[in-house]
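Chain and residue survey
Letter by letter, the chains look like this.
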Amino acid sequence: MRILCTGAGGFIGSHVCAALKGAGHHVIGLDTTIVAERPVIYDDFIVADITHPLSKIPDLDAVIHLAAIAAPRDCDSDPARAYAVNVNGTSQVLRMALASGAKKVVFSSSAHVYDIPPRYLPTDETHPLRLNNTYTTTKILGEKLCELYFENHGLSYTTLRLYNAYGIGQAKGYFLPEMISKAEQGDITLNGGDTTKDFVWVEDVARAFVLAVESHFVGAINIGTGVQTPLWKIARSIANAYGVSLETHSAGHPSHMQAEIGRAKRVLGWQPITSLEEGLNAVLSDAKVKSIR
């Protein structure tokens, strides 16, 4: 299939494009700037801003829509930009997909739409959605736009509600890169160490997108591991790896996240294959190699 991936130069996007290429698809990357030296994971690359109308793409079969302002704090600090990219941008991508004759869109959403913490754990796809902040509001509106295009125009879609993706190449501002940065500078102090997340390896996430774009399923699917991990546990592993101390404090009212992934198993035949220990060791090894360059 000829598949367009928006946000192709980003952390998840680059892994998704590599997985699509490995599965034999023709990969068209789209981002606001061209990826350096155009890696072999892209057959074609389009430089475009999704907040503006997008040109039709000939013979397009499907779209994976990842381009977004993904950090909740960034969305709250500039709501106008968040709505422009995450909501209007999704509308522009859907318009282009329909005009290009695409038969399927896979939309990247977030487990944050269930609220943090959700009402119950593990959390399945029938859990009520909540407009908790700017970021979650834009993601829920993006999901609703996909539903609208399916109901009004027959454009099939699958929404993947991602839990805490992590892996090599993740930018600072996310938990693992921040803890590693602190460890490289000295001892680690962690507030809210009893908070739990559901960490899922980025290559497992990428594999889910490939399966979703090939699937006929319409609706939302959780992509996580089904395992809660306290933040102190990861911070402890990082501190031990760097030989520094860890001081951790309770959040007072810690939040928790844990995916129910039965639908992903049934519908996509997907489940995570990389353990947190394996993934964390890979991230730490990569960070140490980069630190001595």
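Here goes a summary of the coordinates provided. (Residues numbered from 1 in each chain as written. Predicted model: local features only at pLDDT ≥ 70, side-chain atom pairs only at ≥ 80, totals over all residues. Heavy atoms only, no water.)

1. Structural notes on the sheet that holds strand β11 (residues 219–223)
The strand order across the open sheet formed by seven strands is β3-β2-β1-β4-β5-β6-β11, and the pairing between neighbours is parallel. Two strands lie at the open edges of the sheet, namely β3 (44–47) and β11, each paired on one side alone. Each adjacent strand pair in this sheet contributes to an overall mean axis angle of 20°, direction not counted. Inspection of the sheet shows strand β4 (residues 62–65) paired to strand β5 (residues 104–110) by four bridges, in the parallel sense. What sits directly across from V63, in β5, is V105. Against the sheet, helix α3 (residues 79–99) makes contact with β1 (2–6), β4 and β5, and its axis sits at roughly 170° relative to β4, the strand it touches most. (Pairing = 2+ DSSP bridges. Helix = DSSP H or I, 4+ residues; strand = E, 2+ residues; numbered from the N terminus. Axes fitted to C-alpha atoms, helices over the stretch in contact; angles between N-to-C directions. Contact = heavy atoms within 4.5 Å.)

2. So, the nonpolar core
Counting 34 residues, the largest nonpolar core has I12, V16, I64, L160, F209 and I223 as the members making the most contacts within it. When residues of this core are traced back to their parent elements, those giving at least two are β1, α1 (11–22), β4, β6 (156–162), α6 (202–213), β11 and α8 (262–268). Sort the elements by how many residues they give to this core and α6 lands first, with eight residues. Grouped together as the second largest cluster of nonpolar side chains are 28 residues, A48, M96, V105 and Y135 included. (Core = buried A, V, L, I, M, F, W, Y, C linked by side-chain atoms within 4.5 Å. Buried < 20%, exposed > 50% of the residue type's maximum accessible area, 1.4 Å probe, protein only.)

3. With respect to the packing of aromatic side chains
Summed over all chains, the structure comprises five aromatic pairs. Consider the rings of Y166 and F199, whose centres lie 6.2 Å apart with planes at 85°: the pair is edge-to-face. Residue Y166 is found in strand β7 (residues 164–166), and its partner F199 is found in strand β10 (residues 199–201); the two are separated by 33 residues along the sequence. An identical accessibility class is assigned to Y166 and F199; each is buried. An aromatic cluster of three or more residues is present, and its members are Y166, F175, F199 and W201. (Phe/Tyr/Trp six-rings, centres within 6.5 Å; stacked < 30°, edge-to-face > 60°.)

4. Describing the side chain of T159
For T159, the location among the structural elements is in strand β6. Discounting residues that sit within four places of it in the chain, T159 has contacts with F107, S109, E143, G219, A220 and I221.

5. Digging into the pairing of strand β2 (residues 26–31)
Every regular strand shows the same layout, with side chains that alternate between the two sheet faces. Burial analysis of β2 places five of its six residues in the buried class, the great majority of the element. Both β1 and β2 contribute to a ladder of five bridges, which runs parallel. Residue pairing in the sheet places L4 in a bridge with I28 of β2. Taking the sense of rotation as the criterion, the β-α-β connection linking β1, α1 and β2 turns out right-handed. (Right-handed = clockwise from strand over helix to strand, strands pointing away.)

6. What about the pattern of salt bridges?
In total, this model carries six salt bridges according to the counting rule given. The closest approach of N and O atoms between E125 and R263, which form a salt bridge, is 3.9 Å. Taken together, the residues span a long stretch of sequence, with E125 in the loop between β5 and α4 (134–153) and R263 in helix α8 at a distance of 138 residues. Relative accessible area serves as the criterion here: at 11%, E125 is assigned to the buried category. We note a salt bridge from E143 to R161, for which the minimum N-O separation is 2.8 Å. Remark: R161 occurs in strand β6 and E143 occurs in helix α4; sequence separation between them is 18 residues. Judged on exposure class, the residue E143 and its partner R161 are both buried. (Salt bridge = Lys/Arg side-chain N within 4 Å of Asp/Glu carboxyl O.)

7. So, the packing of α1 against α6
In contact at an axis separation of 8 Å, α1 and α6 are set at 55° when each is read in the N-to-C sense. In terms of axis orientation, α1 runs oblique to α6. For the pair α1 and α6, the sense of crossing is right-handed. Residues F11, I12, H15, V16, A19 and L20 of α1 lie in contact with α6, whose contacting residues are V202, E203, V205, A206, F209, V210 and V213. Of the residues that constitute the contact of α1 with α6, the class distribution is 11 nonpolar, one polar and one charged. (Parallel < 35°, antiparallel > 145°, perpendicular 65-115°, else oblique. Left-handed = near helix turned anticlockwise from the far one by under 90°. Nonpolar A, V, L, I, M, F, W, Y, C, P; charged D, E, K, R; others polar.)

8. Description of the state of the cysteines
Simply put, disulfide is the name for a covalent bond between the sulfur atoms of two cysteines. Tallied over the entire structure, the rule returns zero disulfides. Here C17 stays free of any disulfide, with the sulfur of C5 as its closest cysteine sulfur at 3.8 Å. Free cysteine C75: the closest other cysteine sulfur is in C146, separated by 17 Å. (Disulfide = S-S within 2.5 Å.)

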